[in-house]
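Secondary and tertiary structure notes
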Amino acid sequence: MTSTATVRLHAVRKTYGTGANTVTALGGVSAEFTRGSFTAVMGASGSGKSTLLQCAAGLDAVDSGQITIDGTDLAGLSEHARTLLRRDRIGFVFQAYNLVGALTAAQNTALPLRLARRAPQAAAVVQALAEVGLAERAGHYPAQLSGGEQQRVAIARALITRPAVLFADEPTGALDSTSSAVVLAALRRLVDAHLQTVVMVTHDPVAAAAADRVLVLADGRLVDEITGADPARIAARLARGAVAA
Amino acid sequence: MIALASLRERRRSLLGTLITLAVAVAVLTICGLLLVSARPVTPDRYAASPVLIRPVPPSDPEAFTEPRPWPKEQAAALTARLAAVPGVSAAVPVHRFYAQLLRDGAPVTGEHEAYSWSSAVLGGYRLAAGRAPAAAGDVALGEDLGLPPGARVELLTAAGPQPFTVTGTVDGSGIWVGDPVSGTVGGPGSRAGDAVTAVSSARVGSGGAGGGVPVIGLLIGADADPAAVAVAVTGVVGAEGVVLTGDARGALEPVGDARTRWIGLQVLSALAALGTFVSVFIVASTFAFATRQRHRELGLLRLLGAVPRQVRGWVLGEVLLLGLLGGAIGVPAGLLAAGPVAGWLVRTGFEPASFTVLYQPVVPVAALAAGVLVALVGAWSAARRAARVGPLAALREAAVDDRPVSRVRLLAGAVALVGAVAVGVAATRASGADLGSYALYAAMLLVVAGSLLAPLLLPRAVRLLSAPFAGGRGATVLLVRQHVATAARRSASAAAPVLLCVAFTVLIGGMVQTTTAYYGLNRVTAVDAAAVVVPDGTPGLSDAAVAAAGGLSALPTTLYEGAEPLPAAGVTPAEHTVLTVVEGDLATLHRSPMGGSPETTSAAPPAVPVGPAGSGRTPPAGPLVPVAVAQGFAASAGWAVGGRHPVSGPDGQPITLEVVAVLAGGPLPAGILLDRAVVRAMDPSALTSVVYSDRPVPAAVLAGLGGRPLSAAAYAGSGQEEDDRLVWVFTALLIGVSAGFALLAVVNTMLMSTTGRAGDLRVLRLSGATRRQVLGLLAAETAAVVATGAALGLAVAVAALAALARGLSVQLGVAVPMVIPWGTLAATVGVCLVLAVAAATLPALGSRRAASPSAGV
Ligand SMILES: Nc1ncnc2c1ncn2[C@@H]1O[C@H](COP(=O)(O)OP(=O)(O)OP(=O)(O)O)[C@@H](O)[C@H]1O
Ligand SMILES: [Mg+2]
């Protein structure tokens, strides 16, 4: 079955622990993320959002179900091949900025290229930083940047390899509303200008409203899908879901 | 770039590893250079003789006894045959006896033997002035002694001081006397008198036969080919001796030099082994620690696309770089230090005076390679672990070790433990010199086992140690307990150097105290003497000194069963008071040898058994000598009262021993005891090692005799005996090396630990901890880790010491108590604690002062 979807999940199950301690983090989730789409994933704490992202990115093995990225089935891949796929096709941004403290913004941005033993083009690095509005901070170390700026460096780093999909786990979780807005605008521009596929976990209805579509998780299952909504409607739908659950 | 950037970032923590590796390479360079330099050197007195023949040496080179000499008749016959070999211009048998020049009543150290003048040609020596010694009482001295012909001198011989007249000086060194009548064939002194015989017999009573011949040297014609001559000579000598040419002539070095060199070998190889072990261990624990601290960073890199192989490559690349850098520092340092260290070894007595450093280029290369290897081996498991770090590590808190002890680690720890027990058991059966090394190996294995299993033991130990404080309401105890429990492996890496440090210092210190306590005890109880007379500037006491001291003593000598030495000693009826007869009777021990004294049989054809030891086919030969044997010796040799055993005397002449008594165990001077006069008759150079006197001995009676009196307490107390001193220096050296390395690692790990926990500490500060509380917490945590490491180290040392004490007990048949050096323990733990706490708290203080927003406490 061919699909236009960049990322496809089919009946993905994931449990942690064994015996009485078993936690079902994902209980059969199916979803598609098409090229150029911007999806927000929401849900209560512990509902499985991070697990979904980690499984979709091939960071963690699933118990059952199928995940394909750009047409490649993750199940058939060795750890080595999965690493290469992640390096070339997937970008990742987290709540904590996770920059290497010993490297400058530009060096952090170029890191994935170096890991792939590709010579980083200075122009490409500056371009990536420019897309997140940080071209003139290229020489600064993480300790010299604000939280929002560090997060934008992390986004630039995630995009330097021109990945098929960008996964972001609460990218604005640690930021104030102004910095959040800058980061979200940067993401939105990537989707609009470069047809970048973005999947973003968030607790913030305002952030979710920047996306085209909102998926709602509860206890490891998809329970709702909201499209084209504003923050207030999203908040209302979430509240209703929480009551229903 | 990543590796370099991270190196720059972590340069402080890597500095410790770099220093460790540099010191290890330096130690290996020094030890390697000195080990390859430690070769037997051909004595100058034989330098001009290309082909030398000596009797077959004992099969055990570590017996350090002279080979059984040829009896003079056999030597004469052999000399005649050798002289007839084509190309040989002269065959010179060497005669020698103990003699030391007395200058102002003090023995001149250095030269311990007088040689027959005819053998001077073997060293290429010539008269510089005067004439050759010929008659009894003539002596030629080396020019270096500065005594002109005509001077009257005294030589200290085994009998006592003897007057001599200097007839000439020699363009070299040495003490030279006239030849015995039967001496040389074709040599330059054949006309000479019989001074050696005269001297050796002069004060001994019976007309002594003189000693046997230890060496025959050949001079060859200018047109003869030494190699061809050597081949021909080998055919002539057959099984009667060994032909030495070239560097092999070094085998003729004095036995004392060989023994000293052997001790040096032990010291250097122990140092090299310990240095290598300790540095591998430290690199391993440092890198394990560093890898654990970099978990998140490595996870992040994995997340960004680094494959495991790359991660492993970084860690190994980093350590390779450190190894090369360490080598670049350590090799030159080692090369520079080798000379001074060699001088020190000679001065201390670990190497003979002839020792010089040979700068073999292979050594630095090998040391550099060894340094790199040490670094790689040490970091290997850390690199593997780093490569296993998954990308999720970047997303999760890594404080909790999910599997504190992996199965492989458990298995390796168990194997090391079992190995240690096996070595410990083997130690109980090991012989004297090996005992210590077995204990050391057992301790090495226990240290490895201890540090592998530490994550299992550490949380329990900390819980146990902190139990008394657990009731309090403060946060410190809770935090310390939780931290050590959740970061078990990390804390174990931090405790490992402490474990090593305590284990080795306590073990080595305890080892020496356990053994010397035993021997010291032994020496005091041996005889309740008021005074003990020991040699002073001489290898032993002459008969004159023994007579002046007037106490109990034994005259040690060596008998030979085939080529194998049998230590024996001569006693007088006076010594019977300290002997306990188990079987037989000492009454006949001093009966004069039946079948004539050794001298009277000397005309008989040489019937010396040349075959292997214990070939009982040799018919009883020579005079029958009554002996008493120690119980232990009798049991191991299968000798019993009434048994007759053909052996050779120290002069090579055949005698037959008849066992008249078996003596109880305890400190006996040798396994075989015989009449003192018989020993003296056979061995004109035998010297007494110690005299026990039941009354005080004034120093004046020993003036000019090369002896000095000591109180019994001073004698039993450690330190005055040469061997004791060497052992102590050796111990200090080993403790110094292992403790030095380990303390470096302690400081390094603690620095790394605090630096790596800046984030944690900030959180603590933010949650309301005062700066003092945070520092207190760090200190308490460090103290807990040091205490547990020390406890484990002590356990290791005690286990190894127990094995050692057990081994000594089994060997000596007496219960040997284990001595734990509490002082050393306290000092070691104290130093570890102070350094560790300082290293743990200083970075926290420092970063505060630097007002760094990211790392301050
Ligand atoms: N490594 C793990 N071991 C055991 N259980 C886990 C692990 N990781 C997550 N879980 C459990 O799986 C469930 C889903 O976790 P997940 O991290 O995906 O939640 P989330 O939706 O991202 O929550 P939050 O919004 O708080 O980040 C939770 O119940 C969590 O406790
Ligand atoms: Mg989450």
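Predicted model only: the values in this text are computed from it and were never measured.

This part is about the overall build of chain A. Counting its secondary structure elements, chain A contains eight helices and 10 strands. By principal-axis analysis of the C-alpha atoms, chain A measures approximately 50 × 45 × 35 Å. Taking contacts inside chain A between residues at least 6 apart in sequence as the whole, the part at least 24 apart equals 70%. Seen as two clouds, the 23 positive and the 20 negative side-chain charges of chain A have centres 4 Å apart.

Note: interface size is frequently given as the accessible area lost on complex formation between the parts. Listed as interface residues are 23 residues of chain A and, on the opposing side, 21 residues of chain B. Viewed at the interface, chain B and chain A are joined by one salt bridge. Residues Arg302 of chain B and Glu79 of chain A are paired through a salt bridge, measuring 2.5 Å at the closest nitrogen-oxygen approach. At the boundary of chain A with chain B, the tally comes to four residue pairs in polar contact (both at pLDDT 80 or more). Elements supplying a minimum of two residues to the side of chain A that touches chain B: helix 2 (79-89) and helix 3 (105-115) of chain A. For the side of chain A that touches chain B, the leading source of residues is helix 2 of chain A, giving six residues. When grouped by side-chain class, the residues that make up the side of chain A that touches chain B number 11 nonpolar, five polar and seven charged.

It is worth spelling out unusual backbone geometry at this point. Residues and elements named next belong to chain A. Non-glycine residue Ala11 carries a positive phi angle of around 50 degrees. Of note, Ala11 is situated in strand 1 (residues 5-16). A relative accessible area of 32% places Ala11 in the partly exposed class. Even without glycine at this site, Arg162 takes up a positive phi of about 50 degrees. Judged by relative accessible area, which is 43%, Arg162 ranks as partly exposed.

Residue and element names in this part refer to chain A. Lining the immediate environment of ligand 1, one finds 14 residues, of which Ser45, Gly46, Lys49, Ser50 and Thr51 sit closest. Between ligand 1 and Ser47, the relevant distance is 3.2 Å, taken from an oxygen atom to a main-chain nitrogen or oxygen of the residue. Note that an oxygen atom of ligand 1 is positioned 2.7 Å from one of the side-chain N or O atoms of Ser50. A total of three residues in the shell around ligand 1 trace back to one element, the largest contributor, which is helix 1 (residues 49-56). Class assignment for the residues of the shell around ligand 1 results in four nonpolar, seven polar and three charged.

Per the UniProt record, the feature "domain: ABC3 transporter permease C-terminal" (unreviewed entry) sits at residues 271-390 and 734-849 of chain B. Annotated as residues 271-390 of chain B, this span is 83% helix and 0% strand, and its ends, taken at the C-alpha atoms, are 41 Å apart.

Cut-offs used in this document
Residues numbered from 1 in each chain as written. Chains lettered and ligands numbered in written order. Predicted model: local features only at pLDDT ≥ 70, side-chain atom pairs only at ≥ 80, totals over all residues. Heavy atoms only, no water. Helix = DSSP H or I, 4+ residues; strand = E, 2+ residues; numbered from the N terminus. Contact = heavy atoms within 4.5 Å. Lys, Arg positive; Asp, Glu negative; His and termini not counted. Charge placed at Lys NZ, Arg CZ, Asp CG, Glu CD. Salt bridge = Lys/Arg side-chain N within 4 Å of Asp/Glu carboxyl O. Polar contact = N/O pair within 3.5 Å; in protein donor to acceptor, adjacent residues only side chain to side chain. Nonpolar A, V, L, I, M, F, W, Y, C, P; charged D, E, K, R; others polar. Buried < 20%, exposed > 50% of the residue type's maximum accessible area, 1.4 Å probe, protein only. Near = heavy atom within 4 Å. UniProt positions renumbered as here; feature names shortened; annotations may be inferred.

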